[in-house]
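Descriptive structure summary
Spelled out, the chains give:
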Number of protein chains: 4
Amino acid sequence: MDNTRRKEIYRIIEKDDGTNKASRVFDIFIFLLVIFSILQIVLESHKNIYLAYSYYFKIFEVFTVIIFTVEYILRIYTAKYKYNKTDFWSVIRFIFSFEGIIDIVSILPFYLPLAVKIDFRFLRILKVGKVTRIFKLGRYSKSFNTIKSVLRKEKEVLVITLVFSFILILISSILMYYVENPVQPEAFPNITAAMWWGIATLTTIGYGDIYPVTVLGKILASFVAIIGIGIIAIPTGIISAGFVSEIKNEDDKIK
Amino acid sequence: MDNTRRKEIYRIIEKDDGTNKASRVFDIFIFLLVIFSILQIVLESHKNIYLAYSYYFKIFEVFTVIIFTVEYILRIYTAKYKYNKTDFWSVIRFIFSFEGIIDIVSILPFYLPLAVKIDFRFLRILKVGKVTRIFKLGRYSKSFNTIKSVLRKEKEVLVITLVFSFILILISSILMYYVENPVQPEAFPNITAAMWWGIATLTTIGYGDIYPVTVLGKILASFVAIIGIGIIAIPTGIISAGFVSEIKNEDDKIK
Amino acid sequence: MDNTRRKEIYRIIEKDDGTNKASRVFDIFIFLLVIFSILQIVLESHKNIYLAYSYYFKIFEVFTVIIFTVEYILRIYTAKYKYNKTDFWSVIRFIFSFEGIIDIVSILPFYLPLAVKIDFRFLRILKVGKVTRIFKLGRYSKSFNTIKSVLRKEKEVLVITLVFSFILILISSILMYYVENPVQPEAFPNITAAMWWGIATLTTIGYGDIYPVTVLGKILASFVAIIGIGIIAIPTGIISAGFVSEIKNEDDKIK
Amino acid sequence: MDNTRRKEIYRIIEKDDGTNKASRVFDIFIFLLVIFSILQIVLESHKNIYLAYSYYFKIFEVFTVIIFTVEYILRIYTAKYKYNKTDFWSVIRFIFSFEGIIDIVSILPFYLPLAVKIDFRFLRILKVGKVTRIFKLGRYSKSFNTIKSVLRKEKEVLVITLVFSFILILISSILMYYVENPVQPEAFPNITAAMWWGIATLTTIGYGDIYPVTVLGKILASFVAIIGIGIIAIPTGIISAGFVSEIKNEDDKIK
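Below: a short report on this structure. (Residues numbered from 1 in each chain as written. Chains lettered and ligands numbered in written order. Predicted model: local features only at pLDDT ≥ 70, side-chain atom pairs only at ≥ 80, totals over all residues. Heavy atoms only, no water.)

Focus: the overall build of chain A
Operational definition: Numbering of helices and strands runs from the N terminus, with a helix taken as a DSSP run of H or I at least four residues long and a strand as a DSSP run of E at least two residues long. Remark: exposure states derive from per-residue accessible area (1.4 Å probe, protein chains only) relative to the maximum for the residue type, with buried under 20%, exposed over 50%, and partly exposed in between. We call two residues in contact when some of their heavy atoms are within 4.5 Å. All accessible-area figures derive from a Shrake-Rupley calculation using a 1.4 Å probe, and residue coverage is judged against the displayed protein chains alone.
Looking only at helices and strands, chain A features 13 helices and zero strands. Mapped in sequence order, the helices and strands of chain A form the string α-α-α-α-α-α-α-α-α-α-α-α-α. Taking all 255 residues of chain A together, the buried fraction comes to 49%. If you take every contact in chain A between residues at least 6 apart in sequence, the share linking residues at least 24 apart comes to 64%. Accessible area of chain A: about 13,100 Å², with a carbon and sulfur share of 71%.

See below:
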């Protein structure tokens with residue numbers, strides 16, 4: 001009898017086969033709570049808004065933490081249905097799972113004395129990942145799986161591109177440091193600073209806070225920029241080919 | 001007899017099967033009027049040009065508004081052929097259609113007292129959409145449909161990419177605010193400002209009005225920039241695969 | 001007898017079937033002359049280099065102009081083999097052909113009095129186009145044709161993308177002008193200036209000389225930037241699909 | 001007997017068929033030494049870190065150079081197994097091989113008097129290339145070959161794109177110099193400076209240190225920027241098509 005209720009709760013907060021209405025309502029509720037919680041963090045960062053409405057922010061915060069605490073307790077309570085182990089080991093596994101750590105860390109600052117300044121509430125956004133189930137049903141689900149499948153298949157090629165980009169940034173930053181440091185020591189004080197230039201250049205962002213001024217430095221930067229275009233083209237090409245292959249496979253299945 | 005004339009007008013201003021010469025002339029005329037009307041807005045924004053030629057601008061404006069008003073009246077007059085309803089309901093449907101609202105809003109400011117400052121004339125450019133028929137005939141039509149078809153098919157994947165980009169911007173902006181605010185409070189006064197940095201970075205624009213200066217901030221920005229390249233690669237890859245699949249389908253149909 | 005020599009000259013300066021050695025030597029000679037001529041323009045723009053070596057620059061310039069003048073005369077002399085018309089009409093056609101105009105304009109400044117300041121020598125680089133034949137033979141020829149074929153096939157789609165980009169720039173620039181002009185009238189003095197912002201944003205260059213400072217302006221810019229990523233993705237996707245289709249066709253031919 | 005040992009050493013430092021454990025340990029050891037060596041260069045560039053730990057840096061440097069010197073001697077000692085020539089010619093070939101030059105140059109500065117300031121230690125990173133064998137085994141090997149194969153196949157098309165980009169930069173820089181030099185002679189003092197602008201624009205980096213201010217210059221820059229998008233799209237499209245074709249070939253082989 002107690003187990004029936006526990007199973008029912010588990011079905012609502014965890015499992016979702018699309019038929020349980022209470023589960024959907026719960027998901028949407030948590031989703032909205034997370035969204036408003038993030039919105040609160042954004043708004044609180046505006047000093048004037050915070051000062052004007054700090055009372056309401058506090059109330060909403062208390063409300064949010066209560067809900068998330070209840071949710072956390074219920075997850076512990078129903079852990080054994082998730083992990084299919086004894087009560088004790090299921091709870092341990094949940095507490096030290098990625099999900100479990102996110103859950104506790106995003107409510108903990110509230111219970112700690114005010115002296116603790118680090119604010120992990122923004123981690124709540126990771127809870128969105130758990131309730132994206134509400135989107136997963138229906139047509140978004142297929143598209144979501146396509147992206148995941150493509151990225152997983154092409155993982156190795158993407159990692160290799162990343163490693164080569166990093167080596168390119170490293171070599172060009174060391175060279176750039178030797179070339180530019182004597183002329184503008186405040187912009188290129190060390191190789192780490194030069195690497196910041198390297199990343200801003202290779203990704204074509206170019207904030208303009210740091211750039212070469214010598215002829216040699218500009219020639220080097222030109223080479224890096226042009227190779228950069230090529231390096232950006234590689235992951236794009238890979239992902240593109242991955243989607244082509246994926247779409248073709250899906251079409252073949254239909255036939 | 002009256003209905004014959006009404007139908008003839010409808011055919012000229014609305015329908016275009018490529019055989020009616022008057023309809024083509026009308027389309028080109030409206031197209032040019034819209035183009036010159038937009039050009040006028042651009043030129044009027046130059047104070048010296050406006051002061052020197054304000055008389056001619058006024059004349060052209062009166063002329064434009066008269067034509068667009070006549071066009072609006074004719075569309076009301078012929079609405080029943082478009083919606084196949086009673087006269088009254090056809091007119092109502094036209095007035096509250098997207099097209100109808102654009103039409104009235106882009107001429108209304110002229111009839112309102114000068115006190116009303118908001119200038120909606122630039123909405124006239126949306127009228128271009130209606131007369132792009134002049135391009136649609138022939139080979140541009142096929143290409144136009146290809147683009148539309150690809151974007152519609154890949155809509156879900158594009159939406160998911162957009163949502164993930166937004167979550168990435170949100171998380172990185174919140175972190176960047178915590179990292180950079182203590183050091184440069186004027187550049188990162190709140191999370192909203194940090195989001196402006198996030199968008200400029202993820203899209204690789206990098207205006208250079210706002211960027212991290214701390215080591216931690218730069219490391220964070222580097223990660224965002226590199227992930228950004230990947231995120232840009234996804235829609236490109238999707239659209240690319242969409243076109244590949246579309247072209248293949250077209251080739252298969254020909255065979 | 002005279003015609004035999006004329007035909008021989010024509011074969012050397014114009015036609016190249018890969019067997020005539022004199023023709024290849026002539027092509028490489030003109031190619032190098034163009035390259036050095038462009039290099040001269042670049043070097044002359046450095047005031048100190050120009051002052052130090054102006055004597056040698058002058059000698060090289062006289063030499064270049066003599067060669068190009070002789071080449072021009074020879075092309076007139078052999079025009080009839082190119083156009084297969086009477087002597088007179090062949091010469092007329094050559095003089096008013098794109099090639100003929102480039103040829104005359106790139107040597108004319110030399111013969112005009114010094115008072116004429118406009119320097120069209122840089123047009124000589126277009127002569128390179130004519131002698132790229134030296135690359136066309138062999139494996140570069142196939143790749144060159146692939147690019148040309150892809151761009152020609154996808155021309156319509158690229159034109160449509162360009163037109164839509166332009167409309168997007170126009171609408172967003174007009175809106176940005178209304179939003180930003182009251183706050184920073186020196187950065188956004190008129191819509192033309194706002195269009196410069198629009199292009200720098202949509203192409204993700206972001207020089208940083210002009211950007212929105214109001215919240216509304218930043219929101220608008222964010223939308224433009226995100227749509228911009230999509231718009232850049234479209235031509236990339238199209239060209240990508242074009243190459244896929246082209247490579248597939250070539251593979252099918254081989255089979 | 002001596003030859004057996006020599007062959008054994010050769011197998012460890014050079015050949016790796018995946019079965020020799022000593023060879024793997026050696027590879028990982030050299031790999032880590034290179035990584036720490038590069039890290040040392042980066043850290044030494046920070047003046048305060050260098051001053052605080054210069055003693056430890058020196059010790060590590062001596063250690064590194066000893067190892068790399070021993071490695072260099074062993075490679076000379078075993079050269080004949082690599083090149084299958086007489087002892088003398090094998091050594092000569094090794095010393096003047098790309099690998100051999102990298103090896104000697106990256107340890108030489110240590111043996112030279114302190115007066116020689118140029119520091120080639122960063123070349124050690126190229127040694128990583130040699131030991132990437134440790135990644136090559138297994139699944140990364142296949143992906144690595146895919147990238148190499150695609151880039152090799154599409155080499156000609158990429159070279160042509162590069163040449164065209166260069167011609168575009170050259171023409172637009174010369175024009176930009178003529179247009180902008182009279183107005184801002186300090187930003188565009190000569191065509192070489194204008195080419196720096198051209199590269200920053202065409203690659204969409206846009207540092208913001210140099211940009212046109214005249215209307216004509218901005219129009220020219222807009223054209224370059226838009227063509228630039230197209231030029232970036234070409235290599236992306238080519239690489240994308242290359243991967244599509246490569247993946248298809250691999251799938252066909254499996255069937």
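From this point, the discussion proceeds with the structure in view.
Topic: the packing of helix α2 (residues 21–44) of chain C against helix α3 (residues 47–77) of chain C
Residues and elements named next belong to chain C. What counts is decided by this rule: In this description, a line fitted to the C-alpha atoms serves as the axis of each element, helices being fitted only across the stretch in contact, and the angle between N-to-C directions of two axes falls anywhere from 0 to 180 degrees. Here a crossing is taken to be left-handed if its near helix is turned anticlockwise relative to the far helix by less than a right angle, and right-handed if that turn runs clockwise. By the convention adopted, Pro, Cys, Tyr, Trp, Phe, Met, Ile, Leu, Val and Ala count as nonpolar, Lys, Arg, Asp and Glu as charged, and the other residues, Gly among them, as polar.
Where α2 contacts α3, the axes come no closer than 9 Å and their chain directions differ by 145°. The way α2 lies across α3 gives a crossing that is left-handed. Across from F26, F29, I30, L33, V34, F36, S37, Q40, L43 and E44 in α2, the residues of α3 making contact are K47, I49, Y50, F57, F60, E61, F63, T64, I67, F68, E71 and R75. Residue composition of the contact of α2 with α3, by class: 14 nonpolar, three polar and five charged.

Comments concerning the environment of E246(A)
Residues and elements named next belong to chain A. Along the chain, E246 turns up in helix α13 (residues 215–254). A relative accessible area of 11% means that E246 is categorised as buried. Sequence separation between E246 and K153 is 93 residues; the distance between their C-alpha atoms is 9.9 Å. Setting aside residues no more than four positions away along its own chain, E246 makes contact with T146, S149, V150 and K153.

Considering the environment of V183(A)
Residues and elements named next belong to chain A. In this fold, V183 is placed in the loop between α11 (155–180) and α12 (191–202). Considered as a pair, V183 and I219 are 36 residues apart in the sequence and their alpha carbons are 15 Å apart. Those residues in contact with V183 that lie beyond four places of it in its chain are V213 and T214.

Here we look at the packing of aromatic side chains
Rules: Pairing of aromatic side chains requires ring centres within 6.5 Å, counting the rings of Phe and Tyr and the six-membered ring of Trp. Pairs whose planes differ by under 30 degrees are stacked, by over 60 edge-to-face, and all others tilted. Here, a charge over a ring means that NZ of Lys or CZ of Arg falls within 6 Å of the ring centre while also lying within 35 degrees of the ring normal.
Going through the model one piece at a time under the given rule, you end up with 40 aromatic pairs over all chains. Ring geometry for Y55(B) against Y56(B): centres 5.5 Å apart, planes inclined by 80°, an arrangement best described as edge-to-face. Of the two residues, Y55(B) and Y56(B), neither departs from the other in class, the shared state being exposed. When the ring of F110(B) is compared with that of Y111(B), the centres are 5.5 Å apart and the planes differ by 90°; the resulting orientation is edge-to-face. Three or more aromatic residues joined by ring pairs make a cluster, and in this case those are W196(A), Y207(A) and Y211(B). The aromatic ring of Y77(B) is capped on one face by R6(B), whose charged end is 5.0 Å from the ring centroid.

Some details on the relation of the copies chain C and chain B
Related by rotation about an axis and a shift along that axis, the two copies of the chain form a pair. Put simply, the test is: Superposition of the copies was done by least squares, using only C-alpha atoms of residues whose pLDDT is at least 70 in both.
Under the fitted operation, chain C is carried onto chain B by 0.0 Å of movement along the axis and a turn of 90°, and the coordinates agree to an RMSD of 0.1 Å. Expressed as a symmetry operation, the mapping of one chain copy onto the other fits a four-fold axis. Here only 16% of the interface residues in chain C have copies in chain B that are interface residues too; the copies meet through unlike faces.

Quick word on the nonpolar core
Defined as follows: Buried Ala, Val, Leu, Ile, Met, Phe, Trp, Tyr and Cys residues form a nonpolar core when they are joined through side-chain atoms within 4.5 Å.
If you look at the biggest cluster of nonpolar residues, it comprises 160 residues, and the most contacted ones within it are W197(A), W197(B), W197(C) and W197(D). Among residues more than four places away in sequence, those in contact with W197(D) are Y207(C), S172(D), M176(D), F188(D), I210(D), Y211(D), P212(D), A221(D) and V224(D). The next biggest cluster of nonpolar side chains, apart from the first, holds 48 residues, and it includes V150(C), V157(C), A241(C) and F243(C).

Observations concerning the interface of chain B and chain A
Heads up, the condition is: Summed over both partners, the accessible surface that disappears when two parts come together, traced with a 1.4 Å probe, is what is meant by buried area. The rule for a salt bridge is simple: a side-chain nitrogen of Lys or Arg has to be within 4 Å of a carboxyl oxygen of Asp or Glu.
At the junction of the two partners, chain B supplies 45 residues and chain A supplies 35 residues. The contact between chain B and chain A buries some 3,500 Å² in all, and 75% of this surface belongs to carbon and sulfur atoms. For chain B, the biggest contributors to the area lost against chain A are E156(B), I160(B) and I229(B); these three give 14% of the whole. On inspection of chain B and its partner chain A, the count reaches zero salt bridges.

Describing a nonpolar patch on the surface
Residues and elements named next belong to chain A. The condition is simple: To count toward a patch, a residue needs a relative accessible area above 30% and no salt bridge. Like charges then connect within 9 Å, nonpolar side chains (Val, Leu, Ile, Met, Phe, Trp, Tyr) within 5 Å.
Taken together, the side chains of I28, L32, F36, L39 and L43 define a hydrophobic patch exposed on the protein surface, amounting to about 410 Å² of accessible area. Within the element layout of this structure, F36 appears in helix α2 (residues 21–44). Given the relative accessible area of 43%, F36 is considered partly exposed.

A word on the pattern of salt bridges
The full count for this structure, using the stated rule, is 20 salt bridges over all chains. The shortest N-O distance in the salt bridge between R75(B) and E71(B) comes to 2.6 Å. Here the residue R75(B) and the residue E71(B) both occupy positions in helix α3 (residues 47–77), the gap between them amounting to four residues, near one helical turn. One continuous salt-bridge network, built from bridges that share partners, spans E71(A), R75(A) and D103(A).

Regarding the relation of the copies chain B and chain A
By a simple turn and slide, chain B fits onto chain A: the slide is 0.0 Å along the axis, the RMSD is 0.1 Å, and the turn is 91°. Interface residue correspondence from chain B to chain A reaches only 16%, placing this contact among heterologous pairings that use different surfaces.

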